[in-house]
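What the coordinates show
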Amino acid sequence: MSHRSLPLLTAIALFAGVSCAWVGTVAGSDLWPEEIIDSMDGQRLVVFLPDADIAAGPQWLPAEGTPPPLNIAGAVAHLEKWMATDPRYREVEIHEIKLTPIRHHEQEHRWYYLFQLRHADGGRRKAIYAAVLFNGKVVPALAEPSSIK
């Protein structure tokens, strides 16, 4: 192979790579969950929600005066069922509940409950967070780590 064909082969490989990446992005755009940033008690949180799960939840317009499609008791029931499947959630108690719109989906009237959970040992350990969508799906919320100083 001559040195003159090396730039041509490099250009072809680069074009093929970019084309494959673009096709993969378009075809797999529904596979990547949406990153929802929220906060609770001064802690920045990230919840990853697939678009299909967001769309599957019922809409709620609080201004209409109707109660949310999933009440707090229902959300707690879904959360407790989900926690029962994971030993990390043994002996945790609900410390705080927040009803909040899903960021970037406010116009679609999508909401969820955000829970702060604390261990029964008086909360000496870090809090754990989870989100419950109006369709009952429970998703862990990740706390952003503190910056290293």
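None of these values were measured; they are calculated from a predicted model. Note that residues are indexed from 1 along each chain, following the sequence as it is written. Residues qualify for local features only when their pLDDT is at least 70, as the model is predicted, and side-chain atom pairs are given and counted only at 80 or more; totals for whole chains, interfaces and linings, by contrast, use all residues. Here the side-chain values reflect all heavy atoms present in the structure, with hydrogen atoms and water set aside.

1. Quick look at the pairing of strand β1 (residues 34-40)
Counted only if it meets this: Only when DSSP finds a minimum of two bridges between them are two strands counted as paired. For helices the rule is a DSSP run of H or I covering at least 4 residues; for strands it is a run of E covering at least 2, with both sets numbered from the N terminus onward.
Bridge count for β1 against strand β2 (residues 43-49) is seven bridges, and the pairing is antiparallel. The partner of E35 across the bridge, within β2, is F48.

2. Thoughts on the sheet that holds β1
To be explicit about the condition: With axes taken as lines fitted to C-alpha atoms, and helix axes fitted only over the stretch in contact, angles between N-to-C directions fall between 0 and 180 degrees. Residues count as neighbours in contact if any of their non-hydrogen atoms are within 4.5 Å of one another.
Spatial ordering of the open sheet is given by β1-β2-β6-β5-β4-β3, a layout of six strands whose pairing is antiparallel. Both edges of this open sheet fall to β1 and β3 (92-101), since each of them pairs with a single strand only. Along the sheet, successive strands turn relative to each other by an average axial angle of 30 degrees, direction set aside. Strands in contact with helix α3 (residues 72-83) are β3, β4 (111-119), β5 (128-133) and β6 (138-143); relative to β4, the strand with the most contacts, it is inclined by about 55 degrees.

3. Re a nonpolar patch on the surface
For clarity, the threshold we go by: Like-charged residues are merged into a patch within 9 Å and nonpolar side chains (Val, Leu, Ile, Met, Phe, Trp, Tyr) within 5 Å, provided each residue has over 30% relative accessible area and no salt bridge. Areas reported as accessible are Shrake-Rupley estimates using a 1.4 Å probe. Residue values count occlusion only from the protein chains shown. Here, a salt bridge means any side-chain nitrogen of Lys or Arg that lies within 4 Å of a carboxyl oxygen of Asp or Glu. Categorising residues by exposure relies on relative accessible area from a 1.4 Å probe, with only protein chains included: less than 20% of the type maximum marks a residue as buried, more than 50% marks it as exposed, and the intermediate range marks it as partly exposed.
On the surface, I72, I94 and I97 cluster together to form a nonpolar patch covering roughly 230 Å² of accessible area. Within the element layout of this structure, I97 appears in strand β3. Look at I97 and you get partly exposed, because its relative accessible area is 34%.

4. Regarding unusual backbone geometry
Backbone geometry at D41 places phi at a positive 55 degrees, although glycine is not the residue there. With respect to the helices and strands, the residue D41 is situated in the loop between β1 and β2. Using a relative accessible area of 54% as the deciding quantity, one classes D41 as exposed.

5. As for the nonpolar core
Rules: Here the nonpolar core consists of buried residues drawn from Ala, Val, Leu, Ile, Met, Phe, Trp, Tyr and Cys, with membership extended through side-chain atoms lying within 4.5 Å.
L79, Y113, F115, L117 and V132 are the most contacted members of the largest nonpolar core, which has 17 residues in total. In this structure, M40, Y112, L133 and V139 belong to the second largest nonpolar core, which totals 15 residues.

6. Here's the deal with the pattern of salt bridges
Any two side chains of opposite charge can pair, on the condition that their charged atoms come close. In this structure the tally under the stated criterion is four salt bridges. Of the charged contacts, one joins K98 and D38 as a salt bridge, the two residues approaching to 2.8 Å between their closest N and O atoms. Linking K98 in strand β3 with D38 in strand β1, this pair joins segments that are 60 residues apart in sequence. On the basis of relative accessible area, K98 is assigned to the partly exposed category, the value being 24%. Ionic pairing is found between D53 and K137, a salt bridge with its closest N-O pair at 2.7 Å.

7. Things to note about the packing of aromatic side chains
For clarity, the cut-off: What counts as a ring pair is set by centres within 6.5 Å for rings of Phe, Tyr and Trp (its six-membered ring), and what kind of pair is set by the plane angle: stacked under 30 degrees, edge-to-face over 60, tilted for all other angles.
Under the counting rule described, the total for this entry stands at five aromatic pairs. For the ring pair Y113 and F115, a centre distance of 6.4 Å and an interplane angle of 45 degrees mean the geometry is tilted. Across the pair, F115 and Y113 agree in class, each one buried. Judged by centre distance (5.8 Å) and plane angle (55 degrees), the rings of Y113 and F134 are tilted. Placement of the pair is Y113 in strand β4 and F134 in the loop between β5 and β6, with a sequence separation of 21 residues.

8. Some remarks on the side chain of D38
Looking at D38, the relative accessible area reads 4%, which means it is buried. When residues no more than four places from it in sequence are discounted, the contact partners of D38 are Q43, R44, L45, K98, T100, R103, Y112 and L114.

9. Comments concerning the confidence of the model for the chain
Under the convention used in this document: Every residue gets a pLDDT, meaning the predictor's confidence in that residue, from 0 to 100.
Residues with a pLDDT of 70 or more make up 76% of the chain, whose mean pLDDT is 80. Ranking the elements of the chain by mean pLDDT puts helix α1 (residues 5-27) last with 49 and α3 first with 96. Counted against residues more than four places away or in other chains, residues 18-28, with its pLDDT under 50, gives zero contacts.

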